[in-house]
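If you want the building blocks of each chain, they are given just below.
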Amino acid sequence: MRRWRLAAGVAVAVAAATAVTVTALPAGAETTAFTVTSSWSTGYQGQVEVRNNTSSPISTWRVQLSLPAGTTIVNSWNATQSASGQNYTFTPAGWNATLAAGASTSFGFIANGTGRPTFSTTPTTPPTTPPTTTPPPTGTTPVAQNGQLRVCGVKLCNAAGRPVQLQGMSTHGLQWFADCYNDASIDALADDWKADLLRVSMYVQEGGYETNPAGFTAQVNNLVEQATQRGLYSIIDFHTLTPGDPNYNLARAKTFFNEVSARHAAKNNVIYEIANEPNGVSWAGIKSYAEQVIPVIRANDPDAVVIVGSRGWSSLGVSEGASSSEITANPVNASNIMYAFHFYAASHKDNYRAEVERAAASLPLFVTEFGTVTYTGGGQVDLASTAAWLDLLDRLQIGYANWTYSDADESSAAFRPGTCGGPTYAGTSVLTESGTFMRNRIRA
Ligand code: IDC
């Protein structure tokens, strides 16, 4: 552990009755406790302990740090981050605002670059409203057991701070397969497949959202309610695909995410995926889109995890000759976010797996879509490659959703054609080769 003495901030902090100091040294010594929990050649993971060094409870805190030029924060967790150049300010995540006398909390971050931070503290004024507390989870559903998720380092963690890997299924396009999503099919996903997650794929083009914003928003909201009733997590996927530049849909995205994030703000099971598969667009263009859409969501639902699509059909750039390095060099300026990676097992193999393993050391990843088949959604079902992929994702604790929970007449669909609209979704008699494999894998 590295310990840092405070310079200018100390006098101010000590003078104020509600002063927060950050310390890991014996009481009375106002210092910042900063630990590098892991490091690699191009970056490191840092942890900062925040301690109430006064004899009364405090109801908020603030930590300011500066990084030398060339080092930036890629991602943080357990705090709300804002940045101005090389200066970063961290305030409570919400649930960790109140600290009893002598109590401490901590937050973490991933830095790109090897420069270490210097700290200062500022006195804060307690808010007049009492903090809210979340009751501990009860019940056996995925949401009851894990509660509100948040990004912790490069992982996704549950309310208790433990890493979780969500496993589930993606809908097909709601404009084509609405009859696949009903009480019986979502019951089967929760109870028979024992999934954690339903990804709700709302195409924007191809007869999707742009043709009927109110109708598709209502359809998405309804499916999120269905997932919520069964204790499933739900990813709201703004399924941009063609055109590939998400900025084409920026105004629609702001309208849509403002509505759905307001509607689901009080829920603890909703994750927002703001652009399915950017393609033919630079990383800078995707980042600019993300930095305009994320604040719309955060204004309504500040603690929700947001997933940002990556370049080259969410291949971390690989399918367009780039790599995840362009993201780590220039990350989205927001906290509590993850980056999407997609694969189709019969098309994307070892070089893509190697990139995921490399990227996962410094970026929080979520496989919001993958197929057991070729990138067309059809063709050969490659179970050997799929198993290699899922073994890798299990080892790295990366969550996933399989394309698709539908009866489309294509080999990626889990149900045989003609299943939807019928009464039966549970069991194996209605499943394709891909569906049988995925159900086994998710149930296990
Ligand atoms: C495919 C569907 C197919 C549909 C097509 C329309 O499987 O039925 O006609 O979209 O665009 C993706 C996309 C996803 C694709 C899927 C398979 O996110 O929309 O679905 N895929 O091609 N990325 C890689 C593959």
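- An unreviewed UniProt entry annotates the protein chain as Endoglucanase originating from Paractinoplanes aksuensis.
- Taken verbatim from the UniProt record of the protein chain, the Sequence similarities (unreviewed entry) comment is "Belongs to the glycosyl hydrolase 5 (cellulase A) family."
- Per its UniProt entry, the protein chain bears the Catalytic activity (unreviewed entry) comment "Endohydrolysis of (1->4)-beta-D-glucosidic linkages in cellulose, lichenin and cereal beta-D-glucans."

## Some points on the sheet that holds strand E18 (residues 365-371)
Phase 1 of the analysis: Strand order in the closed barrel formed by eight strands is E12-E13-E14-E15-E16-E17-E18-E19, with parallel pairing between adjacent strands. Averaged over all neighbouring strand pairs, the angle between strand axes comes to 25°, with direction disregarded.
Phase 2 of the analysis: One ladder, built from two bridges, connects E18 with strand E19 (residues 400-403); its direction is parallel. Looking across to E19, one finds that Phe370 is bridged to Asn402.
Phase 3 of the analysis: Packing against the sheet, helix H6 (residues 250-263) makes contact with strand E13 (197-203), strand E14 (233-239) and strand E15 (270-273), and its axis sits at approximately 160° to E14.
Phase 4 of the analysis: The sheet strands contacting helix H12 (residues 433-443) are strand E12 (167-170), E18 and E19, and the helix crosses E12 at an angle near 150°.

## As for the site of the ligand
Phase 1 of the analysis: Around the ligand, the surrounding shell holds 15 residues, and the nearest of these are Tyr203, His239, Glu277, Tyr375 and Glu410.
Phase 2 of the analysis: In the model, an oxygen atom of the ligand is placed 3.1 Å from a nitrogen or oxygen of the His172 side chain.
Phase 3 of the analysis: The contact in question runs from an oxygen atom of the ligand to an N or O atom on the side chain of Glu410, over 2.7 Å.
Phase 4 of the analysis: Here the ligand, which alone exposes 500 Å², has 78% of that area covered by the protein.
Phase 5 of the analysis: For the shell around the ligand, the class distribution of residues is six nonpolar, five polar and four charged.

## Focus: helix H4 (residues 183-192)
Phase 1 of the analysis: What H4 keeps buried is the set Ser185, Ile186, Ala188, Leu189, Ala190 and Asp192.
Phase 2 of the analysis: Contact partners of the buried residues in H4: E12, E13, helix H5 (213-229) and H12.
Phase 3 of the analysis: N-capping of H4 is provided by Asn182, with a side-chain oxygen placed 3.1 Å from the backbone N of Ala184.
Phase 4 of the analysis: Directly after H4, the chain includes Lys194, whose backbone phi takes a positive value near 55°.

Definitions and cut-offs
Residues numbered from 1 in each chain as written. Predicted model: local features only at pLDDT ≥ 70, side-chain atom pairs only at ≥ 80, totals over all residues. Heavy atoms only, no water. UniProt positions renumbered as here; feature names shortened; annotations may be inferred. Pairing = 2+ DSSP bridges. Helix = DSSP H or I, 4+ residues; strand = E, 2+ residues; numbered from the N terminus. Axes fitted to C-alpha atoms, helices over the stretch in contact; angles between N-to-C directions. Contact = heavy atoms within 4.5 Å. Near = heavy atom within 4 Å. Polar contact = N/O pair within 3.5 Å; in protein donor to acceptor, adjacent residues only side chain to side chain. Areas by Shrake-Rupley, 256 points an atom, 1.4 Å probe, with all protein chains shown as cover. Nonpolar A, V, L, I, M, F, W, Y, C, P; charged D, E, K, R; others polar. Buried < 20%, exposed > 50% of the residue type's maximum accessible area, 1.4 Å probe, protein only.

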